[in-house]
2 protein chains.
Amino acid sequence: MRKGEETRTRILDVAEAAVLQKGFGGTSIEELIAETGITKSGFFYHFRDKNELAKALLNRYIENDERIYDEIFSRARDLMDDPLQSFLLGLKLLSELLSDLPNGHPGCLVATICYYERLFDREIQEINRQAALTWRRRFRGMFDEIFAVYTPREQFDVDQLADMVSTVIEGGIVLSKALKEPQSLPGQILVFRSFVKLLFQPVQQARAAS
Amino acid sequence: MRKGEETRTRILDVAEAAVLQKGFGGTSIEELIAETGITKSGFFYHFRDKNELAKALLNRYIENDERIYDEIFSRARDLMDDPLQSFLLGLKLLSELLSDLPNGHPGCLVATICYYERLFDREIQEINRQAALTWRRRFRGMFDEIFAVYTPREQFDVDQLADMVSTVIEGGIVLSKALKEPQSLPGQILVFRSFVKLLFQPVQQARAAS
DNA sequence: AGCAAAACCGTACCGACGGTACAGGAGCGG
DNA sequence: CCGCTCCTGTACCGTCGGTACGGTTTTGCT
């Protein structure tokens with residue numbers, strides 16, 4: 001039982017790296033079992049087919065993603081009392097975290113699946129959609145708190161504003177990968193951070209705020 | 001010669017739609033020739049292998065992409081004399097264009113290839129990189145013009161600011177696809193537009209500007 | 001220690017797919 | 001009629017996803 005989980009995890013580790021580099025279609029099962037050191041039978045013991053592998057991979061990725069967001073923004077919440085300052089700090093911490101990845105962000109599985117939709121069943125597409133909706137709720141909650149304290153210089157739909165966080169991250173990953181400039185992603189996040197700062201900056205003076 | 005080009009174009013049309021829905025690995029050549037109505041030999045007469053198909057596909061996509069950008073922003077330039085107003089109008093036109101697509105944006109080939117990098121040769125990755133750099137130059141030029149007239153409320157690296165346009169578009173496409181909300185992408189572009197407006201808005205009053 | 005379930009391995013096989021090779025033919029301009 | 005472009009047809013190869021199924025080791029539990 002313990003052993004089984006370990007092997008399963010090892011398969012998922014190998015698969016995740018491969019899928020992020022070559023996509024699902026470009027990742028062969030035979031290649032996975034070769035690297036994992038198990039046989040084909042062993043693989044199909046753990047996953048009925050490639051679709052189930054994708055599902056497990058996606059669920060694990062999303063879980064981990066949420067954990068990281070939780071850590072970063074709860075730490076930011078601990079350090080800053082003000083919701084705006086806390087959010088801005090969170091973005092900074094996120095940017096720093098991504099900046100420290102030696103080879104840049106490996107890629108987002110949610111995005112990978114977006115560009116593969118027709119290959120997977122509705123269930124996986126729905127998991128993907130829920131992940132994006134969870135991101136929206138998370139950041140919407142933060143913006144709601146900010147709006148309770150600050151008056152923005154311009155009116156926005158809060159959901160769209162919340163989605164902007166995910167948009168910048170996903171887009172930043174794509175651009176970073178295309179340009180082969182790992183530092184582009186953290187940079188884009190900081191640009192967005194400045195925009196948010198600008199949005200809630202009091203009209204009069206341009207000081208205050210980190 | 002004319003006939004050959006026509007067939008080649010038809011293959012590319014079918015391939016582009018398929019690749020954007022299922023990725024390169026998920027698109028089989030046999031499926032392409034079935035839909036195009038030619039034989040396998042016919043296909044390999046036009047393209048030596050899948051890699052060359054990808055290259056042709058990408059080049060055509062980028063060309064078309066550039067054409068659309070040219071049209072939109074040169075039209076905006078004709079309608080507005082001020083570089084900022086012209087840029088803001090361009091973003092609005094872009095948003096409207098994307099909003100009118102019945103099934104939403106089909107996806108960006110540059111992004112598709114990003115998530116497939118290891119499958120293609122360096123040449124394709126370089127074409128992809130150059131495309132992103134061309135976007136950067138395009139928007140950087142616009143921001144340079146704006147900076148010559150306006151003083152921003154916050155200092156930015158101009159390249160990073162220029163990249164933000166591509167980031168928002170690429171990220172918006174991913175989010176739109178993940179959420180299955182076609183209107184998300186044009187919405188995100190408008191949010192970004194507001195941010196740009198905000199950035200160059202004079203400190204005193206919040207009127208003026210579109 | 002003994003037993004059952006879990007966690008594999010080995011082998012054989014299938015159809016689909018990417019790709020190669022090569023022979024040939026239709027249509028067309030010169 | 002030649003030669004070129006633009007294909008078709010056929011045959012074949014290796015890889016891959018997936019199935020089937022029997023056998024074996026490992027593990028946890030009593």
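Read on for a plain summary of the structure. (Residues numbered from 1 in each chain as written. Chains lettered and ligands numbered in written order. Predicted model: local features only at pLDDT ≥ 70, side-chain atom pairs only at ≥ 80, totals over all residues. Heavy atoms only, no water.)

1. Some thoughts on the protein's contact with DNA strand C
In plain terms, the rule: Think of it this way: one heavy atom of a residue within 4 Å of a molecule or strand is enough to make that residue near it. Two N or O atoms count as a polar contact when they lie within 3.5 Å, although within protein this holds only if one can serve as hydrogen donor and the other as acceptor, and sequence-adjacent residues are included solely when both atoms are side-chain atoms. Strands are runs of DSSP state E lasting at least two residues, helices are runs of H or I lasting at least four, and both sets are numbered from the N terminus onward. Three classes are used, and their members are as follows: Ala, Val, Leu, Ile, Met, Phe, Trp, Tyr, Cys and Pro are nonpolar, Asp, Glu, Lys and Arg are charged, and the others, Gly among them, are polar.
Neighbouring DNA strand C are 19 residues, the closest being Thr39, Ser41 and Tyr45 of chain A together with Ser28 and Ile29 of chain B. A share of 57% of the atoms of DNA strand C within 4 Å of the protein falls on sugar and phosphate groups. Take lysine 40 of chain B: an N or O atom from its side chain is 3.1 Å from a base oxygen of DNA strand C. Between lysine 50 of chain B and DNA strand C, the recorded distance is 3.2 Å, taken from a backbone N or O atom to a phosphate oxygen. Those elements giving two or more residues to the surface near DNA strand C turn out to be helix H1 (2–22) and helix H3 (40–46) of chain A together with helix H2 (29–36) and helix H3 (40–46) of chain B. Here the element with the most residues in the surface near DNA strand C is H3 of chain A; it accounts for 4 residues. Of the residues belonging to the surface near DNA strand C, the class tally is 5 nonpolar, 9 polar and 5 charged.

2. Some points on the state of the cysteines
To be explicit about the condition: Counting rule for disulfides: a pair of cysteine sulfur atoms within 2.5 Å.
Overall, the coordinates contain 0 disulfides over all chains when judged by the stated rule. Its sulfur unpaired, cysteine 108 of chain A is 7.8 Å from the next cysteine sulfur, which belongs to cysteine 114 of chain A.

3. Overview of the nonpolar core
Note the following rule: In plain words, nonpolar cores are sets of buried Ala, Val, Leu, Ile, Met, Phe, Trp, Tyr and Cys residues tied together by side-chain atoms within 4.5 Å. Using a 1.4 Å probe on the protein chains alone, a residue whose accessible area is under 20% of its type maximum counts as buried, one over 50% counts as exposed, and one in between counts as partly exposed. Note on contacts: a residue pair qualifies if any of its non-hydrogen atoms lie within 4.5 Å across the two residues.
Within the largest apolar cluster, 147 residues are counted, with the highest numbers of intra-cluster contacts made by Phe87, Phe143 and Phe192 of chain A together with Phe87, Phe143 and Phe192 of chain B. The contact partners of phenylalanine 143 of chain B, leaving out residues within four places of it in the chain, are Phe87, Val158, Leu161, Ala162, Val165, Val196 and Phe200 of chain B.

4. Things to note about the interface of chain A and chain B
What counts is decided by this rule: Here the quantity called buried area is the total loss of accessible area, with a 1.4 Å probe, experienced by two parts when brought into contact, counted for both. By convention in these notes, a salt bridge is any Lys or Arg side-chain nitrogen within 4 Å of a carboxyl oxygen on Asp or Glu.
The interface of chain A with chain B comprises 60 residues on the first partner and 60 residues on the second. Across the chain A/chain B interface, buried area totals approximately 5,500 Å², and carbon plus sulfur atoms make up 63% of it. Here chain A and chain B share 4 salt bridges between them. For glutamate 181 of chain B, the salt bridge is made with arginine 136 of chain A, and the minimal N-O distance between the two is 3.0 Å. Across the contact surface, chain A and chain B share 20 residue pairs in polar contact (both at pLDDT 80 or more). The set of elements that each furnish at least two residues to the side of chain A that touches chain B consists of H1, helix H6 (109–114), helix H7 (122–149), helix H8 (158–179) and helix H9 (184–200) of chain A. Tallying contributions element by element places H8 of chain A first for the side of chain A that touches chain B, with 16 residues. Residue composition of the side of chain A that touches chain B, by class: 28 nonpolar, 19 polar and 13 charged.

The values are spatial; any link to function lies outside them.
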